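Examination of the molecular architecture
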Amino acid sequence: MGSPQRPPVAHVFRGTFVHSSRSAPMEILHEHLLGVDDSGTIVFLEQSDQQEQLAKKWGFKTSDIRELSNYEFFMPGMVDTHIHAPQYSFTGTRVDLPLLQWLTTYTFPTEAKYKDSDFAEEVYTRVVRRTLKNGTTTACYFATIYTDTSLLLAEILDKFGQRAFVGKVCMDVNDSVPQYKEITADSVRETERFVKELLEKKYPRVQPIITPRFGPSCTEDLLHALGNLAQAHDLHVQSHISENEEEIKVVENMFPAYQNYTELYDKNKLLTSKTVMAHACHLSEEELKLFSLRGAAISHCPSSNFSLCSGILNVQMVLKHNVKLGLGTDVAGGYSASMLDAIRKTMIASNSLAINKVNETGLTLKEAFQLATLGGSQALGLDDVIGNFEVGKEFDALLINTKASDSPFDLFSADNFEDIVQKFLYLGDDRNISEVYVAGKQVVPFSSSV
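1. Comments concerning the packing of helix H12 (residues 339-355) against helix H13 (residues 365-379)
- H13 packs onto H12 with a crossing angle of 135° between their chain directions and a minimal axis gap of 9 Å. Relative to H13, the element H12 is oriented oblique. In the packing of H12 onto H13, the handedness of the crossing is right-handed. In contact with Met 339, Ile 343, Thr 346 and Met 347 of H12, H13 contributes Leu 365, Ala 368, Phe 369 and Ala 372.
- A breakdown of the residues in the contact of H12 with H13 according to their chemical character gives seven nonpolar, one polar and no charged.

2. A closer look at the packing of H13 against helix H14 (residues 417-427)
- Their axes nearest at 11 Å, the elements H13 and H14 cross at an angle of 60°. When the axis of H13 is compared with that of H14, the two are oblique. Note on packing geometry: the crossing formed by H13 with H14 is left-handed. Of the residues in H14, those touching H13 at Leu 365, Lys 366 and Phe 369 are Glu 418, Gln 422, Leu 425 and Tyr 426.
- Among the residues forming the contact of H13 with H14, the class breakdown is four nonpolar, one polar and two charged.

3. Side note on the pairing of strand E1 (residues 9-19)
- Of all eleven residues making up E1, nine are buried, and the element is well covered by its neighbours.
- Across nine bridges, E1 lies against strand E2 (residues 27-37) in antiparallel orientation. Paired with Phe 13 across the strands is Leu 34, a residue of E2.
- Inspection of the sheet shows E1 paired to strand E4 (residues 65-67) by three bridges, in the parallel sense. From the neighbouring strand, Arg 14 faces E4, where its bridge partner is Glu 67.

4. Some remarks on the nonpolar core
- Counting 114 residues, the largest nonpolar core has Tyr 141 and Ile 298 as its most contacted members.
- The element that contributes the greatest number of residues to this core is helix H4 (residues 147-160), accounting for seven residues.
- Within the second largest apolar cluster, 14 residues are counted, among which are Leu 34, Ile 42, Leu 68 and Leu 399.

5. With respect to empty space enclosed by the protein
- Here the structure, examined in full by the defined rule, presents two cavities of 30 Å³ or more.
- Lining the largest cavity are His 84, Gln 87, Leu 99, Trp 102, Leu 103, Arg 213, Phe 214, His 240, Glu 243, His 279, Ser 304 and Asp 330.
- Sort the elements by how many residues they give to the lining of the largest cavity and helix H2 (residues 99-111) lands first, with three residues.
- Considered class by class, the residues forming the lining of the largest cavity number four nonpolar, five polar and three charged.
- The calculated volume of the second largest cavity comes to roughly 40 Å³.
- Lining the second largest cavity, in full, are His 300, Leu 313, Asn 314, Val 315, Gln 316, Thr 346, Ala 349, Ser 350, Leu 353, Asn 359 and Leu 363.
- Looking at the lining of the second largest cavity, the elements with two or more residues in it are helix H11 (315-320) and H12.
- The element contributing the most residues to the lining of the second largest cavity is H12, with four residues.
- Of the residues assigned to the lining of the second largest cavity, the class counts are five nonpolar, six polar and no charged.

6. A look at the packing of aromatic side chains
- Here the structure, examined in full by the defined rule, presents 21 aromatic pairs.
- Here Phe 108 and Tyr 180 contribute two aromatic rings whose centre-to-centre distance is 5.9 Å and whose plane-to-plane angle is 35°, an arrangement assigned as tilted. With Phe 108 in helix H2 and Tyr 180 in the loop between strand E9 (169-170) and helix H5 (184-201), this pair connects stretches of sequence that are 72 residues apart. With respect to class, Phe 108 is no different from Tyr 180; both count as buried.
- Pairing Tyr 261 with Tyr 265 gives two aromatic rings, centres 5.5 Å apart and planes at 20°, and the pair type is stacked. With Tyr 261 and Tyr 265 both in helix H8 (residues 261-267), this residue pair falls four residues apart, about one helical turn.
- On the basis of relative accessible area, Tyr 261 is assigned to the buried category, the value being 4%.
- On the accessibility criterion, Tyr 265 (0% relative accessible area) is buried.
- Put simply, the rings of Phe 13, Phe 17, Phe 74, Phe 389, Phe 395 and Tyr 437 pair up and form one aromatic cluster.

7. Regarding the layout of surface pockets
- Its boundaries defined by the atoms lining it, the largest pocket holds a volume of some 320 Å³.
- As for the largest pocket, its lining consists of 14 residues, and the residues nearest its centre are Leu 319, Val 323, Gln 370, Leu 371 and Gln 378.
- Contributions of two or more residues to the lining of the largest pocket are made by H11, strand E14 (324-327) and H13.
- Top element by residues in the lining of the largest pocket is H13. It accounts for six residues.
- Split into classes, the residues belonging to the lining of the largest pocket amount to six nonpolar, five polar and three charged.
- Together, 13 residues line the second largest pocket, and Leu 100, Thr 104, Asn 174, Ser 176 and Pro 216 are the ones closest to its centre.
- A total of four residues in the lining of the second largest pocket trace back to one element, the largest contributor, which is H2.

8. Some details on unusual backbone geometry
- Note that the residue after Val 331, namely Ala 332, is joined by a cis bond; omega there is 10°.
- Here the bond from Val 444 into Pro 445 is cis, since omega is -5°, no more than 30 degrees from zero.
- Examined against the element boundaries, Pro 445 turns out to sit in the segment after strand E17 (441-444).
- The phi dihedral of Glu 31 falls on the positive side, at around 50°, and the residue is not glycine.
- Residue class for Glu 31 comes out exposed when judged on its relative accessible area of 52%.
- Not every positive phi belongs to a glycine, and Cys 309 is a case in point at roughly 50°.
- Along the polypeptide, Cys 309 turns up in the loop between helix H10 (302-307) and H11.

Cut-off values and rules
Residues numbered from 1 in each chain as written. Predicted model: local features only at pLDDT ≥ 70, side-chain atom pairs only at ≥ 80, totals over all residues. Heavy atoms only, no water. Axes fitted to C-alpha atoms, helices over the stretch in contact; angles between N-to-C directions. Helix = DSSP H or I, 4+ residues; strand = E, 2+ residues; numbered from the N terminus. Parallel < 35°, antiparallel > 145°, perpendicular 65-115°, else oblique. Left-handed = near helix turned anticlockwise from the far one by under 90°. Contact = heavy atoms within 4.5 Å. Nonpolar A, V, L, I, M, F, W, Y, C, P; charged D, E, K, R; others polar. Buried < 20%, exposed > 50% of the residue type's maximum accessible area, 1.4 Å probe, protein only. Pairing = 2+ DSSP bridges. Core = buried A, V, L, I, M, F, W, Y, C linked by side-chain atoms within 4.5 Å. 1 Å grid on protein atoms, 1.4 Å probe; cavity = no way out; pocket = protein on both sides within 12 Å on 5 of 7 lines; lining within 4 Å. Points joined across faces, edges and corners; volume = space filled by probe spheres on them. Phe/Tyr/Trp six-rings, centres within 6.5 Å; stacked < 30°, edge-to-face > 60°.

In structure tokens, the structure reads:
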């Protein structure tokens, strides 16, 4: 009796693979073979000298192998743990006010336009295309308070093949722009409908996430109901916390019964091992301990933190407290939709803390790379599925060509491979990202069907 039939191998690549593991922030694997099966799962990652045995085991021919050039490498797809899809329409503008004034003047009036499905479809299509082209294979999106266009975002994500969480925003307090808020009961009911309808679509890689906007936009009743909903359906949760000092004071005044901002979420069942909170610039030691205890994650959004002058998150302190941490673009407080920008701003934020003697040293570029890939997958609870090239995970990957015809940087004969990777991380852009894969399926260049 023969051995049971193995699923056929859909892709075999030979070349260099750059990824992170739990123990090493960056590993460069030269002369390796990686195989992906029909379901998009990585089935082997071995040195090239194992080719004969692998070919026998997996039934592929030499002609099936895709050879990478010496100037190409694969890296894991990047994970954007915090991005506002509707704000993409004004990305790159209007970052001239502090957070609360910025929300009132620009953001709430813009988000109120997303009742209009034609407008929503245009912006949502563009943000998904732009982020995929820039190497974001997984994104955690805030939509708006409007259920139907939030469901439309999920449909567009499924069509383009990006892995994502989508949240219908919940807010029942908004004195500054009163037309952009919900009645508490409606917010809860519409969130239930959003979750139900999205799950019924059975999209393979797009999931709902419970999304109270942040403390100042929510009553205690709304937070309590959303916490119960998240618990009842075992759902992921996202929100903002301690982004700037004025916001923290507002929360203290609105919710005097709670010891701090973190406790507000925790006591309402919104701080769980499936929670990701954006910013967290001003959390106390006590709050970080609670994050660690609950297994909740933080999305570090340095571009936005600088642009709106909100604060600087001490990433090393967060990691010392054993809190999961990923990076976010935070479009449009962050003016770039590229995770490469998030990596670069993470380095600047870390260096500024070292300059000001808050920390003895800064993060390394390798550590920032790890946060943008494996760290992001851990923050979103997806590290058993994506984040690096471990066998058994799905192949979410970027093919990087450092000698693309219009590459924005130059290579020299003295550059070693680590130099080439660093140049891409500091100087590269979408021109160097020649192909993007999600679960083994090539999603960039875009197919004619989308």
